[in-house]
2 protein chains.
Amino acid sequence: MSNQKLFNVAVVGATGAVGEQIIRLLEERNFPIQELKLLSSARSAGVKLTFRGQPVIVQEATPNSFNGVEIALFSAGGDVSKALIPHAVEAGAICIDNTSAYRMDPDTPLVVPEVNVDKINEHRGIIANPNCSTIQMVAALKPLYDRYGISKIIVSTYQAVSGAGAKAINEMLRQSKEVLEGKASNPDILPVGSLPVKHQIAFNAIPQIDKFHDNGFTNEEMKMILETKKIMGDDAIEVTATCVRIPVVYGHSESVYVELKEDFDIEEVKSLMASAPGIVLADNPAEQVYPLATDAAGKLETFVGRVRRDLSNPRAVNMWIVSDNLLKGAAWNAVQIAEYIAIEQ
Amino acid sequence: MSNQKLFNVAVVGATGAVGEQIIRLLEERNFPIQELKLLSSARSAGVKLTFRGQPVIVQEATPNSFNGVEIALFSAGGDVSKALIPHAVEAGAICIDNTSAYRMDPDTPLVVPEVNVDKINEHRGIIANPNCSTIQMVAALKPLYDRYGISKIIVSTYQAVSGAGAKAINEMLRQSKEVLEGKASNPDILPVGSLPVKHQIAFNAIPQIDKFHDNGFTNEEMKMILETKKIMGDDAIEVTATCVRIPVVYGHSESVYVELKEDFDIEEVKSLMASAPGIVLADNPAEQVYPLATDAAGKLETFVGRVRRDLSNPRAVNMWIVSDNLLKGAAWNAVQIAEYIAIEQ
């Protein structure tokens, strides 16, 4: 590793649920770092975190924070990305943005390394990290897309509360305890922190993640629909999504119906996914083996099971896709992109 | 009501989760009962229950229990139904069976009163009550079937633990408490009591309800597929189901994609469902109104919301259907059938 170039890296949103995982992964993956700058809002500035055994004081992220920074990982909300990324790019940093701010910008590659790693080199300073629920689905479906083509995807999600941040995790655990004790649940954050109506998430299923569009779909559902087409590079894929929050802490699960363009052998479908990068096939009905959120939590891979030919449409296949939404769905996908950038330079 | 004929009624499985609801509904609905016989396994015989303020001792259900019984509601498992229903029919009782024992028998009507009440009169002593997850879906879709025709249904379920009985409820609540306290969850019953592998249901989503068929679908999924065709009286409807258990106590939720045979106006779709018997339209995204399991628990109706035209297929509509699985999904549908029988006689 002596010839490995070392990078000055910044993590914006260092004290958040995803930022914390990014820092942990940079350390675990032994990312080639010269200097690590941890940035946050003014409110969290001054917090002392640890990286490779050394204390690092979190600083307030400002337009002037990026002098000398070569790679900046943003995970502090869309508004922060919009406000600061232009300054970071100006200062020469390659920005990997985990928010939705630049995802649909035609000049910004939207990258899941297992699907379209080649797009990384087309960046103009910004690479967007897709939405958590999209990443695991396209990673699992890519080998099928390459082999058979995909005409249609219908997905229903079972999403963990950690996707709504640390406060939503705390709310769900607090509510669960209160309901178990026979008390009122007092919803305060979910389904959407910035909207007026709150619903109990403990022992419930809430069919709303993010705000509604006029077409009746939520923003989370529109992200899955639009981002899937962009990442696959195929606007002809029909995508329908229903996104639902359930009382799970870590790990999004997805029930996915996929119509392929060619006839397939179901064993080949399984074997294509089993041998795909980043995918683990967990599929043995006889032994009751299938992916579970509690098993996927803390893992970097995407798990696929319940793979079965549709009974009505012989060109359709149904499956169950699970991954840790804070890892492959956010921090790990971003760090993977950073690793590709580091290797290229 | 003085001219109302009164019936001798038996409830088999009186001490179970569904039996308990049947007894409560017979009382609340003021069902015309001459004598109520409560039957159970030998293990629960002797238990004292209360009906209309009077104590009723639960007796062991045997082949000789049905002398003089005119209407018998069975909810004690498929094996009990198979063993005892022939004797009850022989004794002259009309049997309403809440198990899967006779559902696919060509001589047995499978009835959801809002969908095919006319089939009740074709019975030969047995009327089958469909599976909980099927009932709420066909009740909600019937007005669309009548107006436009339905070619395809793709459903993913979010099913409550009460569907697996009182022991599964206790297990989920116990596990939730243990996990919140940082203890191991020790799964003991779910996903399927009679199978060897157990999975944690607290803070998880388990994509297995009932045993697997060789085609990779579970028995619960096959029930939804086959029963929907039988109840709708239309084998040409394509149905795909993925059935998932989530940590909810009462109320199954369903994400449903439906392809209609004709063009439709989305407001007409909503209005057809809003005016259908037994259906409540709870659909106002601007006010964050949509059906929730916690709201549906304890209610007799089926709730529909998130109704929206598909963005890829202009003849498809997506929706979210929720109902109390022990009520419309079991006890209430059975008591509704009993009420029709009482009115006819």
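- Taking an unreviewed UniProt entry as the reference, chain A is identified by name as Aspartate-semialdehyde dehydrogenase belonging to Paenibacillus aestuarii.
- Recorded in UniProt for chain A, the comment headed Catalytic activity (unreviewed entry) runs: "L-aspartate 4-semialdehyde + phosphate + NADP(+) = 4-phospho-L-aspartate + NADPH + H(+)".
- Listed under Sequence similarities (unreviewed entry) in UniProt, the entry text for chain A is "Belongs to the aspartate-semialdehyde dehydrogenase family."

**Some thoughts on the sheet that holds strand S5 (residues 59–60) of chain A**
Residue and element names in this part refer to chain A.
Logical step 1: Strand order in the open sheet formed by 6 strands is S5-S2-S1-S6-S7-S8, and the pairing between neighbours is parallel. Both edges of this open sheet fall to S5 and strand S8 (126–128), since each of them pairs with a single strand only.
Logical step 2: As paired strands, strand S7 (residues 94–97) and S8 are joined by 3 bridges and run parallel to one another. Opposite Cys95, over in S8, you have Ile126 as the bridge partner.
Logical step 3: Along the sheet face, helix H1 (residues 17–28) touches strand S1 (7–12), strand S2 (33–40) and strand S6 (71–74) and points at about 155° away from the line of S1.

**Overview of the interface of chain B and chain A**
Often the size quoted for an interface is simply the accessible area lost on bringing the parts together.
Logical step 1: Of the residues lining the interface, 60 residues belong to chain B; the matching set on chain A comes to 60 residues.
Logical step 2: Carbon and sulfur atoms make up 60% of the area that chain B and chain A hide from each other, which totals about 4900 Å².
Logical step 3: Three residues stand out in chain B for area buried against chain A, namely Phe203, Gln288 and Arg306 of chain B, and they jointly supply 14% of the buried area on that side.
Logical step 4: Arg308 of chain B is paired through a salt bridge with Glu221 of chain A; the nearest N and O atoms lie 3.8 Å apart.
Logical step 5: Run the count over chain B and chain A and you get 36 residue pairs in polar contact (both at pLDDT 80 or more).
Logical step 6: Of all the secondary structure elements, the ones that give two or more residues to the side of chain B that touches chain A are strand S9 (150–158), helix H5 (166–180), helix H6 (219–232), strand S10 (238–242), strand S11 (252–260), helix H8 (293–296), strand S13 (302–309) and strand S14 (316–323) of chain B.
Logical step 7: Along the lines of polarity and charge, the residues of the side of chain B that touches chain A split into 31 nonpolar, 19 polar and 10 charged.

**Remarks on the sheet that holds strand S12 (residues 279–281) of chain A**
Residues and elements named next belong to chain A.
Logical step 1: A sheet is described by the order of its strands in space; here 6 strands give the open sequence S10-S9-S11-S14-S13-S12, paired in mixed fashion. The sheet terminates laterally at strand S10 (238–242) and S12, the two strands that pair on one side only. The average undirected angle you get between the axes of adjacent strands in this sheet is 25°.
Logical step 2: Direction of pairing for S12 relative to strand S13 (residues 302–309): parallel, over a ladder of 3 bridges. Residue pairing for S13: Leu281 is matched across the bridge by Val304.
Logical step 3: Its contacts with the sheet put helix H6 (residues 219–232) on strand S9 (150–158), S10 and strand S11 (252–260), and the angle it makes with S10 is roughly 160°.
Logical step 4: Sheet strands in contact with helix H7 (residues 266–274) are S12, S13 and strand S14 (316–323), and its direction is about 175° off that of S13.

**Digging into the side chain of Asn325 of chain B**
Logical step 1: Among the structural elements, Asn325 of chain B can be located in the loop between S14 and helix H9 (327–344).
Logical step 2: Judged by relative accessible area, Asn325 of chain B falls into the buried class, the value being 1%.

**Re the domain arrangement of chain A**
Residues and elements named next belong to chain A.
Logical step 1: Per the domain assignment, the segments of chain A are domain 1 (7–130 + 330–344) and domain 2 (134–325).
Logical step 2: Computed over C-alpha atoms, the centres of domain 1 and domain 2 are 25 Å apart.
Logical step 3: At the junction of the two partners, domain 1 supplies 17 residues and domain 2 supplies 15 residues.
Logical step 4: Together, the buried faces of domain 1 and domain 2 total about 1500 Å²; carbon and sulfur atoms form 69% of this surface.
Logical step 5: Ranking the residues of domain 1 by area buried against domain 2 places Met104, Glu114 and Val115 at the top, with a combined share of 35%.
Logical step 6: Inspection of the region where domain 1 meets domain 2 yields 1 salt bridge.
Logical step 7: When the shortest N-O distance is used, the salt bridge between Glu227 and Arg103 registers 3.1 Å.

Cut-offs and rules
- Residues numbered from 1 in each chain as written.
- Chains lettered and ligands numbered in written order.
- Predicted model: local features only at pLDDT ≥ 70, side-chain atom pairs only at ≥ 80, totals over all residues.
- Heavy atoms only, no water.
- UniProt positions renumbered as here; feature names shortened; annotations may be inferred.
- Pairing = 2+ DSSP bridges.
- Helix = DSSP H or I, 4+ residues; strand = E, 2+ residues; numbered from the N terminus.
- Contact = heavy atoms within 4.5 Å.
- Axes fitted to C-alpha atoms, helices over the stretch in contact; angles between N-to-C directions.
- Buried area = accessible area lost by both parts, 1.4 Å probe.
- Salt bridge = Lys/Arg side-chain N within 4 Å of Asp/Glu carboxyl O.
- Polar contact = N/O pair within 3.5 Å; in protein donor to acceptor, adjacent residues only side chain to side chain.
- Nonpolar A, V, L, I, M, F, W, Y, C, P; charged D, E, K, R; others polar.
- Buried < 20%, exposed > 50% of the residue type's maximum accessible area, 1.4 Å probe, protein only.
- Domains from an automatic or database assignment.

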